[in-house]
Amino acid sequence: MTITRDDAVRLDEAAGLAHTRQRFRLPDGVIYLDGNSLGALPSGVPARLADVVEREWGSGLIRSWNDAKWMELIGRIATRIAPLVGVRPADLHLGDSTSVSLFKTMVAAVRLRPGRRVIVVEPSTFPTDGYVAAGVADLLGLELRWCDPADPLASIDDDVALLSLTHVDFRTGSMYDMAGITAAAHGHGALVQWDLCHSVGAVPVDLTAADADFAVGCTYKYLNGGPGSPAFLWVAPQHQDAARQPITGWMGHAAPFAMSRDFARAPGIGGWASGTHPVLALSSLETALEAFDGVSIAEIRASSLSLTDLFIALIGERLGDLEVVTPIEHARRGSQVSLRHPDAYGIVQALISRGVIGDYRDDGTKPGIARFGFTPLYVGHTDVYDAVEHLVGVLAGGEHLAPQYAERNAVT
Ligand SMILES: Cc1ncc(COP(=O)(O)O)c(C=O)c1O
């Protein structure tokens, strides 16, 4: 039976998340399917940023560290992110990029397993994860072992200190079984770290139930914190006394303003800070997280699966030749759908010129990938229907073959 636009309208009426779209400012005429890269602008953020800049910084000046409680930003934000990933706020730190957070947690993890010489990473992971692992291996004289993405556990033996995986793959949108893999790796005595960049705010994550050891995640994708908003890192409570992170800056000191010569680590997660945290970016993030008020991650997940199901069904019905590389099985699917095509870059650019924004990712020697991310807080089923309608139009008219798409922009 053919899926109609009315079917999409009905699904939106049933989904119950239509009201959260008002919490974002999206330009008219744009269908935004790139929240897996940069989340949309939450409506409260411009006013918050203006207030922090004009009043707190402009008028309050240095006094705002105390008066505006800038030192408490990290803890307040951790309280909002913690339930999305199944942890205690007291075990979350924010402030660095994902890459720096990966460096800190990887070094700390391998130091917890002296005598073990291997860090395991999968080769199709987001490049920064592999690059940082290679840097850590080089720094500490360890081996970086690339595993089979389809079977990471096959590479785990008793010499492995750390298995570091990305929970939802940035290219394909496929999702690992966090609890199963963590338990099996623990069976060999290895620690496990999860990169949650493509999971947090989109799929339910329970790091505590999975018995994970470390996690990192960015906040500019499904959490809508804004370009370059700082990442979070999580350290399981049982490791916090023993784990030592390598960037021992003054903000991780037990008494930063004692200005003492020697480093004395702050207790708990406070010791994971290094330098002064980015107040403007964290303020934006704090307000952005209000878009999640009153919405459970279970509702978001149900809506996300419904959106991606519809997209996949419409592609199958109307563009059956297109290769969908995202798993069909719900348990293995994140919140994006990826299509492989020799002209994937041109397809994405032609769609963008029609107001449908997705993005393109290279895939080594294979044809590239057009990615479409579905953020239920501001994407509805009718958007999905209309996006596929545009895709059909692009391919039917050969718009993706236009010469201007032969050259790639710096950011794809
Ligand atoms: C899985 C994953 N890790 C890390 C990053 C980025 O790291 P950073 O925040 O340091 O730029 C991304 C960015 O898209 C990502 O998808």
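Thresholds applied
- Residues numbered from 1 in each chain as written.
- Predicted model: local features only at pLDDT ≥ 70, side-chain atom pairs only at ≥ 80, totals over all residues.
- Heavy atoms only, no water.
- Pairing = 2+ DSSP bridges.
- Helix = DSSP H or I, 4+ residues; strand = E, 2+ residues; numbered from the N terminus.
- Axes fitted to C-alpha atoms, helices over the stretch in contact; angles between N-to-C directions.
- Contact = heavy atoms within 4.5 Å.
- Near = heavy atom within 4 Å.
- Polar contact = N/O pair within 3.5 Å; in protein donor to acceptor, adjacent residues only side chain to side chain.
- Nonpolar A, V, L, I, M, F, W, Y, C, P; charged D, E, K, R; others polar.
- Buried < 20%, exposed > 50% of the residue type's maximum accessible area, 1.4 Å probe, protein only.
- Domains from an automatic or database assignment.
- Buried area = accessible area lost by both parts, 1.4 Å probe.
- Salt bridge = Lys/Arg side-chain N within 4 Å of Asp/Glu carboxyl O.

Let's talk about the sheet that holds strand β5 (residues 118–121)
Spatially, the 7 strands line up as an open sheet ordered β4-β10-β9-β8-β7-β5-β6, and their pairing is mixed. Edge positions in the open sheet fall to β4 (92–94) and β6 (143–146), since each of these has one partner strand only. Each strand of the sheet is rotated relative to its neighbour by a mean of 20°, with strand direction disregarded. Relative to strand β7 (residues 160–166), β5 is paired through 4 bridges, and the arrangement is parallel. Its bridge partner lying in β7, V120 is registered against L163. On the sheet, helix α4 (residues 73–85) packs against β4 and β10 (232–235) and is oriented at approximately 125° with respect to β4. Contacting β7 and β8 (191–195), helix α7 (residues 178–187) crosses the sheet at an angle of about 155° to β8.

A look at the site of the ligand
Neighbouring the ligand are the residues S97, T98, S99, F126, T128, D129, T166, D195, C197, H198, Y220 and K221. Within the side chain of S99, a nitrogen or oxygen atom sits 2.6 Å from an oxygen atom of the ligand. Between the ligand and Y220, the relevant distance is 2.8 Å, taken from an oxygen atom to a side-chain nitrogen or oxygen of the residue. Grouping the constituent residues of the shell around the ligand by class yields 3 nonpolar, 6 polar and 3 charged.

Digging into the side chain of T20
Positionally, T20 belongs in the loop between α1 (5–15) and β1 (24–25). For T20, a relative accessible area of 0% puts it in the buried group. At 2.8 Å, the side chain of T20 forms a polar contact with the backbone oxygen of L17. Discounting residues that sit within four places of it in the chain, T20 has contacts with V295, P376 and L377.

Some details on the sheet that holds strand β14 (residues 359–363)
Ordered by their spatial adjacency, 4 strands build an open sheet running β11-β12-β15-β14, and the pairing between neighbours is antiparallel. Looking at which strands have only one partner, the edges of the open sheet turn out to be β11 (323–324) and β14. Where β11 meets strand β12 (residues 336–340), 2 bridges bridge the pair, whose relative direction is antiparallel. Looking at β12, one finds that E323 is bridged to R340. Of the strands in this sheet, β14 and β15 (366–373) touch helix α11 (residues 344–353), which is tilted by about 30° from β15.

Digging into the domain arrangement of the protein
Once the domains are mapped, the protein shows domain 1 (5–17 + 295–406) and domain 2 (47–292). In this structure, domain 1 and domain 2 have C-alpha centres spaced 29 Å apart. Counting from both sides, the interface comprises 24 residues of domain 1 and, opposite them, 18 residues of domain 2. Carbon and sulfur atoms make up 57% of the area that domain 1 and domain 2 hide from each other, which totals about 1700 Å². When the buried surface of domain 1 facing domain 2 is broken down by residue, I297, Q336 and L377 rank first, second and third, together holding 27% of it. At the junction of domain 1 with domain 2, the criterion picks out 1 salt bridge. In this structure, R171 and D363 form a salt bridge, with 3.3 Å as the shortest nitrogen-oxygen distance. Applying the counting criterion to the domain 1 and domain 2 interface returns 11 residue pairs in polar contact (both at pLDDT 80 or more). Listed by contribution, the elements that provide at least two residues to the side of domain 1 that touches domain 2 are α10 (297–318), β12, β14 and β15. Residue composition of the side of domain 1 that touches domain 2, by class: 10 nonpolar, 7 polar and 7 charged.

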